[in-house]
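Letter by letter, the chains look like this.
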Amino acid sequence: MSGAPPRAAPRPAWLLALGVTAMVAWSLGPALWQALTAIKPDAQITRVPTVYLPQPPTLEHVRRLFERLPFEAYLANSAWVATWAMLLCVAIAALAAAALARMPGPGRLRLLLVLLFISLFPPILLLFPLYEGVRALGWINHPIALILPYAALNLPLAVWVLESAFRQLPREIDEAARVDGLAPIARLWRIHLPLAMPSVVTAAILVFIFCWNEFMLALTFMTRHDAKTVTAGIASVGSASLFEIPWGQLSAAIVVATLPLVFLVLLFERRIASGLTRGALKG
Amino acid sequence: MTPRVWTRERMLSLLPAALLLALVVVLPIARVVALSVMRTEMDEGFRLEFAGLDPFVRLWQDGRWWTSLRNTAVFTASSVAAEMVLGIAFALLLHGSFRGRGLARAIVMLPWALPTAVMALAWSWIFNDSFGVANDLLRRLGLASEPIAWLGQGGTAMFAMVAADVWKTTPFVTLIVLAGLQAIPHEVMEAARVDGLNARQRLTRITLPLLVPSLIVALAFRMVQAYGAFDLVYVMTGGGPGGATETVSLYAYQNYFRYLDFGYGSAIATQGVLIAILLVLIVLRFTRGAGTRG
């Protein structure tokens with residue numbers, strides 16, 4: 001015992017492999033299960049004991065999905081709302097972030113903390129007054145009723161991500177642009193945004209994902225079937241008439257609605273991770 | 001000469017953000033607080049009249065409010081606790097080096113990016129009493145002989161909701177802890193190794209204490225979010241069975257759009273948030289104290 005040099009035992013490889021396998025299975029399992037259900041023939045979906053692998057796989061549910069629900073409309077609404085909210089949010093956030101990044105004194109940090117505080121309020125607090133406003137303006141079933149709140153609710157995150165990127169740009173570039181007489185918007189457009197492009201993309205992806213996934217406001221403000229976004233559309237169909245819409249089709253709907261996000265994560269995992277943690281760890 | 005803080009240019013640049021937040025966040029909060037001391041009269045159309053502290057007396061005597069508060073507390077405490085443990089474990093695994101680590105990271109991130117409301121439906125399919133895969137797995141493992149009606153009983157429905165929430169939000173904790181791990185200088189771990197600390201000692205004496213700031217951040221964010229849970233409850237259980245999983249957010253929502261009692265709904269939402277803020281402040285004080293001592 002005393003003779004051996006104190007050498008750290010390497011973590012056994014099988015333990016690591018087991019841990020990684022369990023982690024991946026847990027993270028992927030539920031989504032994978034939906035995908036399997038979506039391509040399983042009806043008779044096998046409701047067979048006991050459970051059939052795990054569909055034999056043979058079928059695309060019937062995906063095809064039928066577009067017949068029974070205004071599913072294209074759901075997808076188009078989500079894409080439209082999330083895209084405009086993302087553009088509006090990033091534009092306004094970039095303007096604010098550029099102003100904050102070079103702000104001297106304690107005001108900068110105070111304003112950033114105010115933003116953080118605002119982002120912590122649960123949306124239920126805002127829901128009813130927003131609903132009153134939307135109704136008074138006649139915006140029920142109009143995309144603008146979601147675009148404006150989505151842009152606002154994601155503003156804190158976007159400002160945090162962009163501000164920390166703009167701060168890292170060399171101060172001299174700013175000064176030079178100022179001396180050249182560029183207006184703030186021109187400076188932002190020609191200098192800040194191109195130089196901080198990776199962070200701009202990060203902010204845009206994060207905002208897009210949050211908007212695509214939002215449920216409470218979409219459920220409340222979009223009452224007409226063809227005005228619904230994909231989350232509210234699927235979830236209200238699912239909870240209202242679980243027994244009218246067969247599970248195969250519902251699973252197909254879930255898979256189609258989540259597919260764009262799966263691609264975003266696989267392509268931009270690093271960016272998403274850095275964006276989410278940047279704000280959180282600075283504070 | 002010190003640079004001026006509030007130049008005209010700076011104020012103009014901040015104006016759109018301030019305006020948008022005023023319209024969508026500040027004004028609605030003022031309105032909901034005002035509504036929380038109003039009574040909804042429905043005799044001749046809708047009329048709101050000042051009710052003073054009556055709504056708060058009503059809350060105090062409302063058994064359903066206390067139940068929803070307790071449900072929210074149980075949901076928040078169990079899912080946040082499980083997420084912290086699982087998140088730390090996942091982060092430690094992903095911090096190691098193995099083949100396919102990049103792909104594993106992306107897969108672990110995946111649940112975070114998928115819509116809660118939609119995946120709640122997927123989870124209610126997993127926990128379906130007749131055809132759900134949860135029951136089938138339990139039966140195959142020999143852990144249950146009879147199928148369990150997961151969403152049909154209070155305790156198991158809460159468990160199912162917590163499982164879905166843990167699945168969905170563990171990635172967030174993992175990310176923050178992972179960033180914290182990567183910020184620990186390599187030399188510190190090397191020095192500990194030279195000093196003869198074994199893997200377990202390095203974890204409990206060096207890694208975890210250094211992670212405390214990241215853990216506090218993750219804890220605060222997750223508590224607030226879990227406390228406001230709505231999507232999952234609305235879709236998976238609708239608050240049932242018999243109100244056993246109804247959260248504060250859902251109870252407020254029901255008052256707004258089902259009972260059309262706007263004043264009382266606002267009182268519930270406002271009180272709920274006040275309690276949440278208080279809770280987070282207490283936890284922050286508590287953990288920060290522990291962090292500086294440990």
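Residues numbered from 1 in each chain as written. Chains lettered and ligands numbered in written order. Predicted model: local features only at pLDDT ≥ 70, side-chain atom pairs only at ≥ 80, totals over all residues.

Just checking my understanding: could you explain the overall build of chain A for this structure?
When you go through chain A residue by residue, the secondary structure sums to 14 helices and 0 strands. In chain A, the order of α-helices and β-strands from amino to carboxyl end is α-α-α-α-α-α-α-α-α-α-α-α-α-α. Overall, the C-alpha framework of chain A stretches about 85 × 75 × 35 Å when taken along its three principal axes. Across the 283 residues that make up chain A, the buried fraction comes to 43%. Long-range pairs, those at least 24 residues apart, make up 79% of the contacts in chain A between residues at least 6 apart in sequence. (Helix = DSSP H or I, 4+ residues; strand = E, 2+ residues; numbered from the N terminus. Buried ≥ 20, exposed ≤ 12 C-beta atoms within 10 Å, placed from the backbone. Contact = placed C-beta atoms within 7 Å.)

I keep staring at the domain arrangement of chain A and nothing clicks. Help me out?
Put simply, an interface is often sized by how much accessible area is lost when its parts join up. All names here are of chain A. Entries for chain A in the domain assignment read domain 1 (19-58) and domain 2 (62-282). Each of domain 1 and domain 2 was reduced to a C-alpha centroid, and the two centroids are 31 Å apart. Domain 1 puts 8 residues into the contact, and the matching count from domain 2 is 9 residues. Of all the elements in the fold, those that place two or more residues in the side of domain 1 that touches domain 2 are α1 (13-38) and α2 (42-45). Ranked by residue count, the leading element in the side of domain 1 that touches domain 2 is α1, at 5 residues. Of the residues contributing to the side of domain 1 that touches domain 2, the split by class is 4 nonpolar, 2 polar and 2 charged. (Domains from an automatic or database assignment. Nonpolar A, V, L, I, M, F, W, Y, C, P; charged D, E, K, R; others polar.)

What am I meant to see in unusual backbone geometry here?
It is generally the case that most residues other than glycine have a negative phi and that most peptide bonds are trans. Following Gln55 of chain A, the chain continues to Pro56 of chain A via a peptide bond in cis, the omega torsion being -10°. Of note, the amide linkage connecting Gly240 of chain B to Pro241 of chain B takes the cis form, showing an omega dihedral of -5°. Positionally, Pro241 of chain B belongs in the loop between α10 (231-236) and α11 (248-257). Phi angles above zero are rare outside glycine, and Asn141 of chain A is one such case at about 70°. With respect to the secondary-structure elements, Asn141 of chain A resides in the loop between α6 (124-136) and α7 (144-153). The backbone phi angle of Leu260 of chain B is positive, close to 50°, even though this residue is not glycine. Note on placement: Leu260 of chain B falls in the loop between α11 and α12 (262-293).

What's the story with helix α4 (residues 101-113) of chain B in this structure? I'm lost.
Every α-helix winds through 3.6 residues per turn, so residues three or four apart in the chain are directed the same way. In this model α4 of chain B runs 19 Å from its N-terminal to its C-terminal C-alpha over 13 residues, within 8% of the 18 Å that 1.5 Å per residue would give. Residues of α4 of chain B that are buried include every one of Arg105, Ala106, Ile107, Val108, Met109, Leu110, Pro111, Trp112 and Ala113 of chain B, and no others. (Expected span 1.5 Å × (residues − 1).)

Just to check I follow, could you spell out the environment of Glu269 of chain A for this structure?
With respect to the element layout, Glu269 of chain A can be found in helix α14 (residues 247-282). You can call Glu269 of chain A partly exposed: it has 19 C-beta atoms within 10 Å. Placed 67 residues apart in sequence, Glu269 of chain A and Thr202 of chain A show a C-alpha to C-alpha distance of 9.9 Å. Setting aside its immediate chain neighbours within four residues, Glu269 of chain A contacts Arg105, Ala106 and Met109 of chain B.

In this structure, what is going on with the environment of Leu211 of chain B? I would like to understand it.
All names here are of chain B. If you trace the backbone, Leu211 turns up in helix α9 (residues 199-227). C-alpha of Leu211 to C-alpha of Thr40: the two residues are 171 residues apart in sequence and 49 Å apart in space. What Leu211 contacts, discounting residues up to four positions off in sequence, is Val177, Gly180 and Leu181.

Mind showing me how you'd approach helix α8 (residues 186-194) of chain B here?
Among the 9 residues of α8 of chain B, 0 are classified as buried, and the element is accordingly described as predominantly exposed. Phi turns positive, to about 90°, at Gly196 of chain B, one or two residues after α8 of chain B.

Before we go on, may I ask you to explain the packing of helix α4 (residues 71-101) of chain A against helix α11 (residues 197-213) of chain A in this structure?
Working note: a packed helix pair is described by the angle between its axes plus the distance between those axes. All names here are of chain A. Taken N-terminus to C-terminus, the directions of α4 and α11 make an angle of 140°; their axes are 9 Å apart at the nearest point. Taken together, the axes of α4 and α11 are oblique relative to one another. For the element pair α4 and α11, the recorded crossing hand is right-handed. Across the interface between the two elements, Ser78, Val81, Ala82, Ala85, Met86, Cys89, Val90 and Ala93 from α4 touch Val200, Ala203, Ala204, Val207, Phe208, Cys211 and Trp212 from α11. Class assignment of the residues belonging to the contact of α4 with α11 gives a composition of 14 nonpolar, 1 polar and no charged. (Axes fitted to C-alpha atoms, helices over the stretch in contact; angles between N-to-C directions. Parallel < 35°, antiparallel > 145°, perpendicular 65-115°, else oblique. Left-handed = near helix turned anticlockwise from the far one by under 90°.)

I tried to follow the interface of chain B and chain A on my own but got confused; where do I start?
Taken together, the 71 residues of chain B in the interface contact 79 residues of chain A. With 14 residues, helix α1 (residues 8-35) of chain B is the largest single contributor of residues to the side of chain B that touches chain A. Considered class by class, the residues forming the side of chain B that touches chain A number 53 nonpolar, 11 polar and 7 charged.

Is there a simple way to explain the nonpolar core in this structure?
General note: in soluble globular proteins, nonpolar side chains tend to be found buried as a group. All names here are of chain A. Within the largest apolar cluster, 170 residues are counted, with the highest numbers of intra-cluster contacts made by Ala93, Leu162 and Val207. The element best represented in this core is α4, accounting for 19 residues. Two domains share this core, each providing at least three of its residues, namely domain 1 (19-58) and domain 2 (62-282). (Core = buried A, V, L, I, M, F, W, Y, C linked by C-beta atoms within 7 Å.)

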